[in-house]
Amino acid sequence: MTIKNFVFNPFQVNTYVLYDTTKECIIIDPACSNAEEFEILKNFISENGLKPVSFYNTHSHIDHLAGNAYIKDNYNINLCIHKAGLPFLEFASAQAASLGFTLEKVIQPDFFIEDGDTVNFGNASLKVIYTPGHADGSVCFYAAEDAFIIVGDVLFQGSIGRTDLPTGHFELLERSIKEKLYTLPDNVVVYTGHGPSTTIGNEKRHNPFVKA
Ligand SMILES: [Zn+2]
């Protein structure tokens, strides 16, 4: 599996395109917030001959779903989220406006994913791990064979997701990190929702907010 990372919108969200030798791809957190950013993503997909088959949000904070409409309109593929993220979509447009985005259209999910589900594309598969605490509906996507995990805003290099927003809860986040992430092998690469990637081992040893 190959993973390509883009950084989009004023909140510098990491958008990930995952693909394999079959050229099928999925998009996680399409955060492109204008036509220019969408072009960058679209060009990468077309130049590499990729075929998008579905797309996902790690959670439904506006900065992570800013590009959902571009993906839906251009590729007409299914959006999959955890159902606990649904309430955020009701306020997404208003929240976007307050942050200086224009979100003309809020895309409703086609399917729900939950803890233990498997996401498949091409010959690849990722396991869905439910990790609330930063926001209800937060999921991680774990590729055990390829030793990486996409975690959204649950865990960052040397930091953790904020817990002061609606449905945020520190003890819940701490439990998600300790029980669901720190139990993975140390060599697993952690692709975060913002900023650089890290590893499970590195965070277990050095994260100042959640100790192993
Ligand atoms: Zn967030």
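For the structure, check the block above.
Here we summarise the structure given alongside this text. (Residues numbered from 1 in each chain as written. Predicted model: local features only at pLDDT ≥ 70, side-chain atom pairs only at ≥ 80, totals over all residues.)

**Describing the nonpolar core**
Counted only if it meets this: By convention in this section, buried Ala, Val, Leu, Ile, Met, Phe, Trp, Tyr and Cys residues joined through C-beta atoms within 7 Å make up a nonpolar core. Field definition: a residue is buried when 20 or more other C-beta atoms are found within 10 Å of its C-beta, exposed when 12 or fewer are, and partly exposed for counts in between, with C-beta atoms placed from the backbone. A pair of residues counts as a contact when their C-beta atoms, built from backbone coordinates, are separated by no more than 7 Å.
In terms of nonpolar packing, the biggest core is built from 53 residues, with Cys25, Ile26, Cys140, Phe141, Ile149 and Val151 touching the most fellow members. Once you skip the residues sitting within four places of it in the chain, isoleucine 26 turns out to touch Leu18, Val53, Ser54, Phe55, Tyr56, Val119 and Phe121.

**Focus: the environment of glycine 100**
What counts here: Helical segments are the DSSP runs of H or I of at least four residues, strand segments are the runs of E of at least two, and each set is numbered from the N terminus.
As for its placement among the helices and strands, glycine 100 is situated in the loop between helix 5 (92-98) and strand 6 (111-112). As a C-alpha pair, glycine 100 and glycine 195 span 95 residues in sequence and 21 Å in three-dimensional space.

**Here we look at unusual backbone geometry**
The backbone of asparagine 76 shows a phi angle near 45°, a positive value even though the residue is not glycine. By secondary structure assignment, the location of asparagine 76 is in the loop between helix 3 (68-75) and strand 5 (78-81). We classify asparagine 76 as exposed; it has 8 C-beta atoms within 10 Å. A positive phi angle is found at threonine 167, which is not glycine, with a value near 70°.

**A look at the sheet that holds strand 4 (residues 51-56)**
To summarise the sheet geometry, strands pair through backbone hydrogen bonds and adopt either a parallel or an antiparallel arrangement. Inclusion rule: Pairing between strands is defined by DSSP: at least two bridges between the two strands are required. Note on geometry: axes are C-alpha line fits, over the in-contact stretch for helices, and angles between N-to-C directions span 0 to 180 degrees.
Taking strand neighbours across the sheet as the criterion, the six strands line up as 1-2-3-4-5-6 in an open arrangement whose pairing is mixed. The open sheet terminates on both sides in strands that have one partner only, identified here as strand 1 (2-8) and strand 6. Relative to strand 3 (residues 24-28), strand 2 (residues 13-19) runs antiparallel, the two being bridged by four bridges. Counted as the bridge partner of leucine 18 is isoleucine 26 from strand 3. Here helix 1 (residues 35-47) sits on the sheet in contact with strand 1, strand 2, strand 3 and strand 4, set at roughly 165° to strand 1.

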